[in-house]
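Chain and residue survey
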Amino acid sequence: CAIMTSMRKWKDAGGLQNVNSISFIRPCRRWLNACFLLVIPLLLYAENMEADRNKIGQCYSEMYRCMIDKDTTALGRLLDDGFILVHMTGMRQPKAEYLRCIAQGTLNYYSCEDTQLDITFMQDSRALLIGRSRVSAAVFGGGRHTWRLQLDIDLKKEDGRWLMTEARASTY
């Protein structure tokens, strides 16, 4: 290996005592430049991922705020036009029907606590969010209960915004 050979030459030349040992510095400089060029994009990618992770977490919090406040206009902006909610029963509910059920009081949400989020990034600006929360709700004419609700939410990034494309509800 060229680096090991250069290190041996550097050591044989007196190491730190002989700073003029250019035979060591040149190969290392090239190697360090190559490493630097590889590491910087990774650091930028990690920084962008952290920013996206925060945006996705904010989407989840905003979703529950909208559901509790029955703010279907703001909730609609978080959902892709083709959004589908898959209820625990397996019922598939399109975006417009889901928003209508919230507005009409068929789906009533009162609080959301103890949230845990797990976010996995996929290819092509997609992500999977698994959110676990204790949710107080009364749905489809049933009484008010606190559910240990898990939502597996598929998201896509479009024009710099994360949109929910599908949510699958279950308990945990």
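Refer to the preceding data block for the structure.
Note that the structure is predicted; figures quoted are calculated from it, not measured.

**What about unusual backbone geometry?**
- Despite not being glycine, Lys70 shows a phi value in the positive range, around 55°.
- Here Lys70 shows up in the loop between α2 (22-69) and α3 (72-78).
- Residue classification places Lys70 among the partly exposed residues on the basis of a relative accessible area of 32%.
- The backbone of Asp114 shows a phi angle near 50°, a positive value even though the residue is not glycine.
- On the basis of relative accessibility, which here comes to 48%, the residue Asp114 falls in the partly exposed class.

**Some thoughts on the packing of aromatic side chains**
- Tallying each qualifying case throughout the model produces three aromatic pairs.
- Note on Tyr60 and Tyr64: the rings are 5.3 Å apart at their centroids and 70° apart in plane angle, and the pair reads as edge-to-face. With Tyr60 and Tyr64 both in helix α2 and four residues apart, the pair spans about one turn of that helix.
- When its relative accessible area of 1% is taken as the criterion, Tyr60 is described as buried.

**Some details on the pairing of strand β1 (residues 79-86)**
- Judged by how many residues are buried, β1 sits mostly within the fold: six of eight residues are covered.
- Where β1 and strand β6 (residues 161-171) come together, four bridges link them in parallel fashion. Opposite Ile84, over in β6, you have Glu166 as the bridge partner.
- Linking β1 to strand β2 (residues 92-94), which pair antiparallel, is a turn of five residues; within it Gly90 sits at a positive phi near 100°.

What counts, and at which threshold
Residues numbered from 1 in each chain as written. Predicted model: local features only at pLDDT ≥ 70, side-chain atom pairs only at ≥ 80, totals over all residues. Heavy atoms only, no water. Helix = DSSP H or I, 4+ residues; strand = E, 2+ residues; numbered from the N terminus. Buried < 20%, exposed > 50% of the residue type's maximum accessible area, 1.4 Å probe, protein only. Phe/Tyr/Trp six-rings, centres within 6.5 Å; stacked < 30°, edge-to-face > 60°. Pairing = 2+ DSSP bridges.

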